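Spelled out from the first residue to the last, the chains are:
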Amino acid sequence: SVLNIYGMSDDKVPQYPTLKSDYGDNGLPIPWSALSGLSPGKKKDELYAVEDSFYISSRFFKISTKDYPAVITDAVELVDANGVFAAVEVEGEFDAADLAAMINEDGTVNIDQEGIAYDEKEKIFWIAHEGRGTAGDEDRPVESLNFLFKVDMDGVILEVVKL
């Protein structure tokens, strides 16, 4: 899915970039690509975003819109620290090997994030994962179900809902 916002202006110079990275703990810019979900944060100049499944460890980003261009100020990896995702019951064509392939050795997860919603009251996120495959199709077997992940501010998975 894509959200395009267009505006007309007499300004002849494009207003690029519209988003850039701050420097991470390693001294390098925070890498990112293909943002696929966006949510307002607790402050009016704060957003949260998720990226598509290009990277091996799924992350969400904190974005400051205080200045122009907006800046990705933090990247938080999603982690199954308490084994919540690992305990999901497999079903049908989605088997234990498929589930195991979605959880890295260090507990970070490998999901195809498509949406994020911040719950200010609970101070958590709901992150949508797009499943992969088609039931009954031998050419495109189910490798993943659709899931909703309840995640805390540190990226720890608290709950997983199968859709």
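Turning to the pairing of strand β9 (residues 157-162), a few remarks are in order. Two elements, strand β8 (residues 147-152) and β9, share five bridges in a ladder whose sense is antiparallel. Its bridge partner lying in β9, F149 is registered against V160. Between β8 and β9, which pair antiparallel one after the other, the connecting turn spans four residues, and G155 there sits at a positive phi close to 90 degrees.

Here we come to the side chain of E46. The topology assignment puts E46 in strand β3 (residues 46-51). From its side chain, E46 meets the backbone nitrogen of K42 in a polar contact 3.0 Å long. Excluding residues within four positions of it along the chain, E46 makes contact with P40, G41, K62, I63 and T65.

Moving on: the sheet that holds strand β6 (residues 113-119). If you walk across this open sheet you meet the four strands as β6-β7-β8-β9, and the pairing is antiparallel. Looking at the sheet topology across the chains shown, the edges are occupied by β6 and β9. Pairwise comparison of adjacent strand axes, ignoring direction, gives a mean angle of 20 degrees for this sheet. Pairing between β6 and strand β7 (residues 124-129): six bridges, direction antiparallel. What sits directly across from Q113, in β7, is H129.

Attention shifts here to the environment of G92. Mapping G92 onto the fold places it in the loop between β5 (70-77) and α1 (96-101). By relative accessible area, which is 77% here, G92 ends up exposed. For the pair G92 and V142, spaced 50 residues apart in sequence, the C-alpha separation works out to 8.6 Å.

Here we have five strands laid out as an open sheet, ordered β1-β5-β4-β3-β2, and mixed in their pairing. The open sheet terminates on both sides in strands that have one partner only, identified here as β1 (19-21) and β2 (35-40). In this sheet, adjacent strand axes meet at a mean angle of 35 degrees when their direction is disregarded. Strand direction decides the pairing type here: β2 and β3, joined by five bridges, are antiparallel. Paired with L38 across the two strands is A49, which belongs to β3.

What counts as what
- Residues numbered from 1 in each chain as written.
- Predicted model: local features only at pLDDT ≥ 70, side-chain atom pairs only at ≥ 80, totals over all residues.
- Heavy atoms only, no water.
- Pairing = 2+ DSSP bridges.
- Helix = DSSP H or I, 4+ residues; strand = E, 2+ residues; numbered from the N terminus.
- Polar contact = N/O pair within 3.5 Å; in protein donor to acceptor, adjacent residues only side chain to side chain.
- Contact = heavy atoms within 4.5 Å.
- Axes fitted to C-alpha atoms, helices over the stretch in contact; angles between N-to-C directions.
- Buried < 20%, exposed > 50% of the residue type's maximum accessible area, 1.4 Å probe, protein only.

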